[in-house]
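Residues per chain are reported as follows:
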Amino acid sequence: MCRYGSTNCERRRREATIERFTVVVIGAGHAGLAASHFLSQRSIDHVVLERGEVANSWRRERWDSFRLLTPNWLSRLPGWSYSGDDPDGYMAGCELVSFIEGFAKAARAPVRTGVNVTSVRRARPGADGGNSAGYRVLAGETEIACRAVIIASGACNLPSVPAFASAVPGAVTQLTSFDYRSAGDLPDGGVLVVGASATGAQLAAEIRRSGRPVTLSVGEHVRMPRLYRGRDILWWMDAAGVWDQRYDEIEDLDRARRLPSPQLVGSPSRETLDLNALASAGVELAGRWAAVRDGRALFSGGLRNVFSLADLKLERLLGTFDDWARDTGRDAGLGPPERLEPTRVPDAKRLQLDLRSGSVRTVLWATGFRPDYRWLDVPVLDDKGRARHSGGVTESPGLYFLGLPVLRRRRSTFLCGIESDAGEVVEHLAAHLTRPVPPARPVPPARPAGSGLDGT
């Protein structure tokens, strides 16, 4: 018989199977690996848990022709930058995976691959019979006790598809950008692409080049030229400090975090891919897809207003760049100010499309993504399942997010933004670890029956 008593022995056996780290990082993409880099710099023991392989989402959830929107010279991670011979090019998906894998090896990140996290919950102080506090992470058959958790699993885990997709006739194939690999895999016939962000614009152009008729349903979008005054548009965003605006300086932060990605493509020819270019290539433009009725897709009639708003925002942005170049004396080394042609409104407005006629064989949803935190048992999500945080710091002490849009700065959305984000989040985490752990709460003695204290 156990000399500690059967209950204590069972607890000791259970505790012996629990692994212990100071920090658990969830996700081995660029964000989780950047966190690992800074944790290692501070000699904070940790483990990185990854459901698939390193850079899994970049590896498994992109189409064949995918390229980064950022030029190679701007692609950097903490202590790791592009070293190839094409700094002005744009990495293909396989090149990006190799880039991130190289960073993981150089940083000696303690990654465990093929480990699916199924639960993260708070651990009660004293629950283990000692002064432990923090979190319990369940991953497969393994349970890990830790002081802090960094969730770096990304914001693009699940496609965001409107509810009326269920009303699309069954004869029409429906795909999301997660499912799409190449135009050659699609059924013969027309394609309706829904969403005009970078993904929607790129896929509409690619499918149109395959010879298929393409209709693009356009809602709110961000228009940008690939080059402006002889420089990549993202050079301007970086050099002029637009990307440096902090989350606590943005008036409507929620809206900033929900903005679609700019209409850009990372092609070797560095062409501008906007709605005018798509229309010139034969893509038909329609308004926002609002509903399905009797097998017909119904589109809003507000294209002119949507185009005007995007054009106005572009004018303001280019004006900001021009002012910066003039005020800093950079004008001499740049081309003259430019302005793009306004987005052309189609002569004939399409307000509906019969999905039963056979003219459209495929609907491709490029309507964005949402995170998947179903395994998170800590109350830090809003009513839409999105993380509630302030610069990655949550209300639950020791729980952090990384790799989300506009996390701490506008550049957070891009690969080059993770260095400052991860460094600051880990700095906050390190300060959290220096705080004393709350002592275990004493267990009150059992009340004897009939004492009157238990109602008898």
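Here, every reference points to the structure presented above.
Residues numbered from 1 in each chain as written. Predicted model: local features only at pLDDT ≥ 70, side-chain atom pairs only at ≥ 80, totals over all residues. Heavy atoms only, no water.

Trainee: Please explain the pairing of strand β2 (residues 23-26) as it appears in this structure.
Mentor: Within a regular beta strand, the side chains point alternately toward one face of the sheet and then the other, so they alternate between its two faces. Neither face of β2 is exposed, since Val 23 and Val 25 on one face and Val 24 and Ile 26 on the opposite face are all buried. Bridge count for β2 against strand β3 (residues 46-49) is four bridges, and the pairing is parallel. Opposite Val 23, over in β3, you have His 46 as the bridge partner. Where β2 meets strand β10 (residues 148-151), four bridges bridge the pair, whose relative direction is parallel. The residue of β10 that forms the bridge with Val 25 is Ile 150. (Buried < 20%, exposed > 50% of the residue type's maximum accessible area, 1.4 Å probe, protein only. Helix = DSSP H or I, 4+ residues; strand = E, 2+ residues; numbered from the N terminus. Pairing = 2+ DSSP bridges.)

Trainee: Please explain unusual backbone geometry as it appears in this structure.
Mentor: The phi torsion of most residues other than glycine is negative, and most of the peptide bonds are trans. We note that Ala 55 has phi near 60 degrees; this positive angle belongs to a residue other than glycine. Looking at the secondary structure, you find Ala 55 in the loop between β3 and α3 (56-60). Judged by its relative accessible area of 0%, Ala 55 falls in the buried class. For Arg 270, which is not glycine, the phi torsion reads 55 degrees and is therefore positive. Relative to the assigned elements, Arg 270 resides in the loop between α7 (253-258) and α8 (275-280).

Trainee: Even after reading the chapter, I still don't get the sheet that holds strand β21 (residues 360-365), so can you show me in this structure?
Mentor: The strands that make up a sheet pair up through hydrogen bonds in the backbone, lying either parallel or antiparallel. Judged by pairing direction, the sheet is parallel, and its five strands sit side by side in the order β12-β21-β13-β14-β17 without closing on themselves. Looking at the sheet topology across the chains shown, the edges are occupied by β12 (173-176) and β17 (284-286). Across the sheet, the axes of successive neighbouring strands diverge by a mean angle of 20 degrees, strand direction being ignored. Pairing of strand β13 (residues 190-194) with strand β14 (residues 214-217), which is carried by four bridges, proceeds in the parallel orientation. Within β14, the position partnered with Leu 192 by the bridge is Thr 215. Helix α5 (residues 198-209) contacts β13, β14 and β21 of the sheet and is inclined by roughly 170 degrees relative to β14. (Axes fitted to C-alpha atoms, helices over the stretch in contact; angles between N-to-C directions. Contact = heavy atoms within 4.5 Å.)

Trainee: Before we go on, may I ask you to explain the side chain of His 37 in this structure?
Mentor: In this fold, His 37 is placed in helix α2 (residues 30-41). Using a relative accessible area of 17% as the deciding quantity, one classes His 37 as buried. In this structure His 37 touches Pro 78 and Phe 103, once residues within four positions along its chain are discounted.

Trainee: Is there a simple way to explain helix α9 (residues 303-327) in this structure?
Mentor: Residues lying three or four places apart along an α-helix face the same way, a consequence of the helix completing one turn every 3.6 residues. Under the 1.5 Å per step criterion, the end-to-end length of α9 is 36 Å for 25 residues, consistent within 8% with the ideal 36 Å. Buried within α9 are the following residues: Leu 303, Phe 307, Ala 310, Asp 311, Leu 314, Leu 317, Leu 318, Gly 319, Phe 321, Asp 322, Trp 324 and Ala 325. Those residues of α9 that are buried are in contact with β15 (227-228), α6 (233-239), α8 and β17. Gly 329 sits one or two residues past α9 and shows a positive phi near 75 degrees. (Expected span 1.5 Å × (residues − 1).)

Trainee: Hey, could you run me through the packing of aromatic side chains in this one?
Mentor: Centre-to-centre distance and the angle between the planes together describe a pair of aromatic rings. Going through the model one piece at a time under the given rule, you end up with 16 aromatic pairs. Every member of this aromatic cluster is reached through a ring pair, and the members are Tyr 228, Trp 235, Trp 236, Phe 321 and Trp 324. Just above the ring of Trp 235 sits the side chain of Arg 231; from NZ or CZ to the centre is 4.3 Å. (Phe/Tyr/Trp six-rings, centres within 6.5 Å; stacked < 30°, edge-to-face > 60°. Lys NZ or Arg CZ within 6 Å of the ring centre and 35° of its normal.)

Trainee: Honestly, the nonpolar core in this entry has me stumped. Any pointers?
Mentor: One recurring pattern in soluble globular proteins is that nonpolar side chains are buried together. Ranked by internal contacts, the top residues of the largest apolar core, which has 90 residues, are Val 120, Ile 150, Leu 216, Leu 376 and Leu 402. Among all residues touching Leu 216, those that are not within four sequence positions of it are Val 193, Gly 195, Ala 196, Gly 200, Ala 204, Leu 275, Leu 278, Val 283, Glu 284, Leu 285 and Ala 286. In terms of nonpolar packing, the next biggest core, distinct from the first, is built from 23 residues, Ala 198, Leu 234, Leu 264 and Trp 324 among them. (Core = buried A, V, L, I, M, F, W, Y, C linked by side-chain atoms within 4.5 Å.)

Trainee: Quick question: what am I supposed to make of the environment of Tyr 135 here?
Mentor: Within the fold, Tyr 135 resides in strand β8 (residues 134-139). Expressed as a C-alpha distance, the spacing of Tyr 135 and Ala 148, which sit 13 residues apart in the sequence, is 6.6 Å. A distance of 2.6 Å separates a polar atom in the side chain of Tyr 135 from a polar atom in the side chain of Ser 396. (Polar contact = N/O pair within 3.5 Å; in protein donor to acceptor, adjacent residues only side chain to side chain.)

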